[in-house]
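One letter stands for each residue in the lines below.
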Amino acid sequence: GIGVLLLSLVALGSWPALLDLAFLRGRHPSHAYLDYATAVLLVATSFALASGQPLSVSSESWASAGLAAVGGCLLMLGNLSMQRALLLGVPLTIVLPLQGSLTVVLGTSINYVLQPERSEPRRLFAGVAAFLVAIALSATAHVAHERQAANRRERRGGGRGRGGGGARGH
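Residues numbered from 1 in each chain as written. Predicted model: local features only at pLDDT ≥ 70, side-chain atom pairs only at ≥ 80, totals over all residues. Heavy atoms only, no water.

1. A word on the overall build of the protein
Put simply, the test is: Numbering of helices and strands starts at the N terminus; helices are DSSP runs of H or I of at least 4 residues and strands are runs of E of at least 2. Note on classification: 1.4 Å probe, protein chains only; a residue is buried when its accessible area is under 20% of the maximum for its type, exposed when over 50%, partly exposed between these limits. Note on contacts: a residue pair is in contact if any heavy atoms of the two residues lie within 4.5 Å. Surface accessibility in these figures is a Shrake-Rupley result with a 1.4 Å probe; residues are shielded only by whichever protein chains are displayed.
For the protein, the count of helices and strands is 5 helices and 0 strands. Considering the protein as a whole, with its 170 residues, one finds that 12% of them fall into the buried category. Long-range pairs, those at least 24 residues apart, make up 60% of the contacts in the protein between residues at least 6 apart in sequence. Accessible area of the protein: about 13300 Å², with a carbon and sulfur share of 67%.

2. As for the layout of surface pockets
Definition in use: Points on a 1 Å grid, built from protein atoms alone, make a cavity when a 1.4 Å probe fits but cannot get out and make a pocket when they are open with protein on both sides within 12 Å along at least 5 of 7 lines; residues with an atom within 4 Å of a point are the lining residues. Grid points are joined across faces, edges and corners, and a volume is the space filled by probe spheres set on the points. For this scheme, ten residues count as nonpolar: Ala, Val, Leu, Ile, Met, Phe, Trp, Tyr, Cys and Pro. Four count as charged, namely Asp, Glu, Lys and Arg, and the remainder, Gly too, count as polar.
Computed from the structure, the second largest pocket encloses a volume of approximately 700 Å³. Considering the residues around the second largest pocket, the lining is formed by 22 residues, among which Leu 74, Leu 75, Leu 102, Thr 103 and Leu 106 are closest to the centre. For the lining of the second largest pocket, the secondary-structure elements that each account for two or more residues are α3 (59-87) and α4 (92-114). A total of 11 residues in the lining of the second largest pocket trace back to one element, the largest contributor, which is α4. When its residues are assigned to classes, the lining of the second largest pocket shows 14 nonpolar, 8 polar and no charged.

3. Details of a nonpolar patch on the surface
Heads up, the rule is: Residues form patches when they are more than 30% accessible in relative terms and have no salt bridge. Like charges link within 9 Å. Nonpolar side chains (Val, Leu, Ile, Met, Phe, Trp, Tyr) link within 5 Å. For salt bridges, the criterion is a side-chain nitrogen of Lys or Arg within 4 Å of an Asp or Glu carboxyl oxygen.
Together, Leu 67, Leu 98, Leu 102, Leu 106, Ile 110 and Leu 114 make up an exposed nonpolar region whose accessible area comes to about 550 Å². No other element matches α4, which puts 5 residues into the nonpolar patch.

4. Comments concerning the packing of aromatic side chains
Our working rule: Aromatic pairing here means that ring centres of Phe, Tyr or Trp (its six-membered ring) are within 6.5 Å. Orientation follows from the plane angle: under 30 degrees is stacked, over 60 is edge-to-face, and everything else is tilted.
Considering all chains together, one arrives at 1 aromatic pair under this definition. Residues Tyr 112 and Phe 125 carry aromatic rings whose centres are separated by 5.2 Å and whose planes lie at 80 degrees to one another, so their mutual orientation is edge-to-face. Of this pair, Tyr 112 sits in helix α4 while Phe 125 is found in helix α5 (residues 121-158), placing the two residues 13 residues apart along the sequence. Tyr 112 gets classed as partly exposed once you look at its relative accessible area, which sits at 25%.

5. Comments concerning a positive patch on the surface
Applied cut-off: Only four residue types enter the tally: Lys and Arg on the positive side, Asp and Glu on the negative side, with His and both chain ends excluded. To locate a charge, take NZ of a lysine, CZ of an arginine, CG of an aspartate or CD of a glutamate.
There is a patch of like positive charges on the surface, built from Arg 152, Arg 153, Arg 155 and Arg 156. Locating Arg 153 in the fold gives a position in helix α5.

6. Brief notes about α4
Spacing of three or four residues puts side chains on the same side of an α-helix, whose turn is 3.6 residues. Which entries qualify depends on this criterion: Helix span is expected to be 1.5 Å times the residue number reduced by one.
Compared with the 33 Å implied by 1.5 Å per residue over 23 residues, the 32 Å span of α4 between its first and last C-alpha is a close match. All of the buried residues in α4 are Val 95, Ser 101, Val 105 and Thr 108.

7. Focus: the pattern of salt bridges
In total, this model carries 1 salt bridge according to the counting rule given. Between Arg 123 and Glu 120 there is a salt bridge, with the nearest N and O atoms lying 3.7 Å from each other. For Glu 120, a relative accessible area of 47% puts it in the partly exposed group.

8. What about the side chain of Ser 119?
Note that Ser 119 resides in the loop between α4 and α5. Discounting chain neighbours no more than four positions away, the residues touching Ser 119 are Tyr 112 and Leu 124.

9. Quick notes on the confidence of the model for the protein
Convention followed: Values of pLDDT, which run from 0 to 100, indicate the predictor's confidence residue by residue.
With 76% of its residues at a pLDDT of 70 or more, the protein has an overall mean of 75. Element-level pLDDT for the protein is lowest in helix α1 (residues 2-24), with a mean of 69, against a maximum mean of 85 in α5. Below pLDDT 50 for its whole length, residues 161-170 participates in 1 contact with residues either more than four positions away or in separate chains.

Okay, here's the thing in structure tokens:
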């Protein structure tokens, strides 16, 4: 089990480099992610079939499997939306904190709605509030950084083009 965990950590850390390599070879990043998601589905299905367990499924198991499938689809859509946001030029400093925080906020809230008797609302929603504050602080820091960068660009470029001289002054 620990070997698989370590292998997954190495693989998880190397996927951005493999994605860049695929992009350099002409593969669209969204297609590379869909290839990854398809491979995960095929490997999980293969492991489930090869486990040798009988495939008897009760109605409770179907409900759990359905919830897990919906969660997996939402995770895939979230990762795909991250890929698209990066392609549209949204900085990673906005995408990752926003996606991670929203995942925690929505996941915690849904878990509370599904099983309120197994949850401690004060702790749960204190954590959710902390993530909402993190989203706000991240956005505020990004806006401040963008303003500073715009001011620096304006100061550097502000001296050029003024004064009416040069080649265009004839």
